[in-house]
Amino acid sequence: MDRLTSMAVFVKATDLGSFAAAADALDLSAPMVGKHVQFLEERLGVRLLHRTTRRQSLTDFGRAYYDRCRMILAEAEAADALAADHQSEPRGKLRIAMPVHFGRHCVLPILMEFAQRHPAVELDLSFNDRLIDLAEDGYDLAIRTGDLDDRAGVIARRVARQPMLVCASPGYLATRGRPGKIEELAAHQAVVYRRSGPVPPWLFPRDGQSPLEISPPNRFRLDDLDAVADAAAAGMGLAWLPGWLVHERIRKGSLVQLLPDEPPFLYDCHALWLQTPHLPLKVRLAVDALAAALPRFMP
């Protein structure tokens, strides 16, 4: 067996927690996954995994070997990328994870143009609002909005800033009145976005100071941005949403932008990738394309 292939199978089986899951991901049989791991153990003379009928876990040596295998595989991929760079044409599979609505509305059109310019690139895109682990989940690139956690070995580049707008339906404003100042928002009902944990406050920039935080009363808490916009358009309350999401609704009149004289808070959007001695050309060009084109989606 090829040692590098067996290392890749071992890492995948460890990441996914079972031979069966690794077999599905790699299009192998579960017994073949076991043979790759057994090949490594026999070659090394050391057990890598504790295996029972219900679970598997790394031995102490297996944990150290797993970390080294990940480094070796990353270096091998970087070495292969040198050949693609030498040909001056990006090629191969490019796996990208992105938030559902931002990805669909803003990122996907740019990546479609990117794919047309570079026909040797295969796009494997995931639309999911969960926070992914680039190494564990096997992605080349992740698009993330909002604040970032400090993570060792991950590089981030800001590719866009999303203006956040307060808006409401004409019907709501006719019934409840139109707030003219930020302080008046507290007298209104809101439809808010919440994915998990406490409801995040609405933010408004202030010169030389931290943003002003407003938490208007709310009866409707949704984990889908489009649903928040739909509820606001139905008259259920004010909403604080990205301009790219509500721009068309405002143009058609189903929503009205409020506080137009207040500068909007700018929510950062970043592209993230694993630190590597040699960034593959396909990743670098994709990030460059996003940084150049995303601002046109930010009204």
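Fair warning: this is a prediction, and the values are worked out from it, not measured in the lab.

Peer 1: Mind showing me how you'd approach the overall build of the protein here?
Peer 2: Of regular secondary structure, the protein possesses 10 helices and 13 strands. Taking the principal axes of the C-alpha coordinates as reference, the protein spans close to 75 × 45 × 35 Å. Classification of the 299 residues of the protein by burial places 40% in the buried group. A fraction of 73% describes how many contacts in the protein between residues 6 or more apart in sequence connect residues 24 or more apart. Here the protein has roughly 16100 Å² of accessible surface; of this, 49% comes from carbon and sulfur atoms. The average position of the 36 basic charges and that of the 37 acidic charges among the side chains of the protein differ by 3 Å.

Peer 1: Help me out: how do you make sense of the pairing of strand β8 (residues 202-206) in this one?
Peer 2: The side chains of a regular strand alternate between both faces of the sheet. In this sheet, strand β9 (residues 209-214) lies alongside β8 in antiparallel orientation, the contact comprising 4 bridges. Residue pairing across strands places R206 opposite Q209, the latter belonging to β9. Between the end of β8 and the start of β9, which pair antiparallel, lie 2 residues, with G208 showing a positive phi angle near 70°.

Peer 1: Please clarify how helix α1 (residues 3-16) should be interpreted in this entry.
Peer 2: One turn of the α-helix equals 3.6 residues, which is why residues spaced by three or four share an orientation. If you check α1, its first and last C-alpha atoms are 20 Å apart, about what 14 residues at 1.5 Å a residue would give, namely 20 Å. Residues of α1 that are buried: S6, M7, V9, F10, V11, A13, T14 and D15. Two or three places before L4, at the opening of α1, D2 has a side-chain oxygen 3.3 Å from that residue's backbone nitrogen. Looking one or two residues beyond α1, the residue adopting positive phi is G17, at roughly 90°.

Peer 1: Help me out: how do you make sense of the nonpolar core in this one?
Peer 2: Nonpolar side chains tend toward joint burial in soluble globular proteins. By size, the foremost hydrophobic cluster in this structure holds 39 residues, and its most contacted members are F102, V107, L141, I143, L241, L290 and L294. Not counting the four nearest positions on each side in its chain, V107 is found in contact with M98, F102, I143, L290 and L294. The next biggest cluster of nonpolar side chains, apart from the first, holds 18 residues, and it includes Y172, W202, L203 and F204.

Peer 1: Looking at this structure, how should I read the side chain of R144?
Peer 2: Tracing the chain through its elements places R144 in strand β5 (residues 141-145). Excluding residues that lie within four positions of it along the chain, R144 makes contacts with L131, I132, D268, C269, H270 and L272.

Peer 1: Sorry if this is basic, but what is going on with the side chain of D226 here?
Peer 2: Along the chain, D226 turns up in helix α8 (residues 225-233). If near-sequence neighbours (up to four positions away) are discounted, D226 is found in contact with H101, H105, L245 and R249.

Peer 1: I tried to follow a nonpolar patch on the surface on my own but got confused; where do I start?
Peer 2: Residues M1, L26, L28 and M32 make up a contiguous nonpolar surface patch of about 310 Å² in total accessible area. Within the fold, L26 resides in helix α2 (residues 19-26). Judged by its relative accessible area of 31%, L26 is partly exposed.

Peer 1: Explanation requested: the pattern of salt bridges in the structure shown.
Peer 2: For side chains bearing opposite charge, pairing can occur when the charged atoms are close. According to the stated counting rule, one finds 10 salt bridges in the structure shown. Among the ionic pairs, R130 bridges to D137, the shortest N-O distance being 3.5 Å. For D137, a relative accessible area of 22% puts it in the partly exposed group. One salt bridge in this structure joins D230 and R249, with 2.9 Å as the shortest N-O distance. Separated by 19 residues along the polypeptide, D230 in helix α8 and R249 in helix α9 (residues 243-252) bring together distant segments of the chain. A relative accessible area of 18% means that R249 is categorised as buried. Look at the salt bridges and you will find they share partners, linking R158, R161 and D268 into a network.

Peer 1: Help me out: how do you make sense of the layout of surface pockets in this one?
Peer 2: Think of a ball as big as a water molecule: rolled over the atoms, this probe shows where empty space is left. Roughly 1200 Å³ of volume is contained in the second largest pocket. Lining the second largest pocket are 45 residues; nearest its centre among them are T145, G146, Y193, R195 and Y267. Top element by residues in the lining of the second largest pocket is strand β13 (residues 265-274). It accounts for 5 residues. Partitioned by chemical class, the residues of the lining of the second largest pocket number 28 nonpolar, 8 polar and 9 charged.

Peer 1: Is there a simple way to explain unusual backbone geometry in this structure?
Peer 2: Excluding glycine, a negative phi dihedral is what most residues carry, and trans is how most peptide bonds are arranged. Unusually for a residue other than glycine, D27 sits at a positive phi of about 60°. Mapped onto the elements of the fold, D27 is located in the loop between α2 and α3 (30-44). Residue L259 is not a glycine yet carries a positive backbone phi of 50°. Relative to the elements of secondary structure, L259 occurs in the loop between β12 (256-258) and β13. Residue class for L259 comes out buried when judged on its relative accessible area of 8%.

Criteria and thresholds
- Residues numbered from 1 in each chain as written.
- Predicted model: local features only at pLDDT ≥ 70, side-chain atom pairs only at ≥ 80, totals over all residues.
- Heavy atoms only, no water.
- Helix = DSSP H or I, 4+ residues; strand = E, 2+ residues; numbered from the N terminus.
- Buried < 20%, exposed > 50% of the residue type's maximum accessible area, 1.4 Å probe, protein only.
- Contact = heavy atoms within 4.5 Å.
- Areas by Shrake-Rupley, 256 points an atom, 1.4 Å probe, with all protein chains shown as cover.
- Lys, Arg positive; Asp, Glu negative; His and termini not counted.
- Charge placed at Lys NZ, Arg CZ, Asp CG, Glu CD.
- Pairing = 2+ DSSP bridges.
- Expected span 1.5 Å × (residues − 1).
- Polar contact = N/O pair within 3.5 Å; in protein donor to acceptor, adjacent residues only side chain to side chain.
- Core = buried A, V, L, I, M, F, W, Y, C linked by side-chain atoms within 4.5 Å.
- Patch = residues over 30% accessible without salt bridge, like charges linked within 9 Å, V, L, I, M, F, W, Y side chains within 5 Å.
- Salt bridge = Lys/Arg side-chain N within 4 Å of Asp/Glu carboxyl O.
- 1 Å grid on protein atoms, 1.4 Å probe; cavity = no way out; pocket = protein on both sides within 12 Å on 5 of 7 lines; lining within 4 Å.
- Points joined across faces, edges and corners; volume = space filled by probe spheres on them.
- Nonpolar A, V, L, I, M, F, W, Y, C, P; charged D, E, K, R; others polar.

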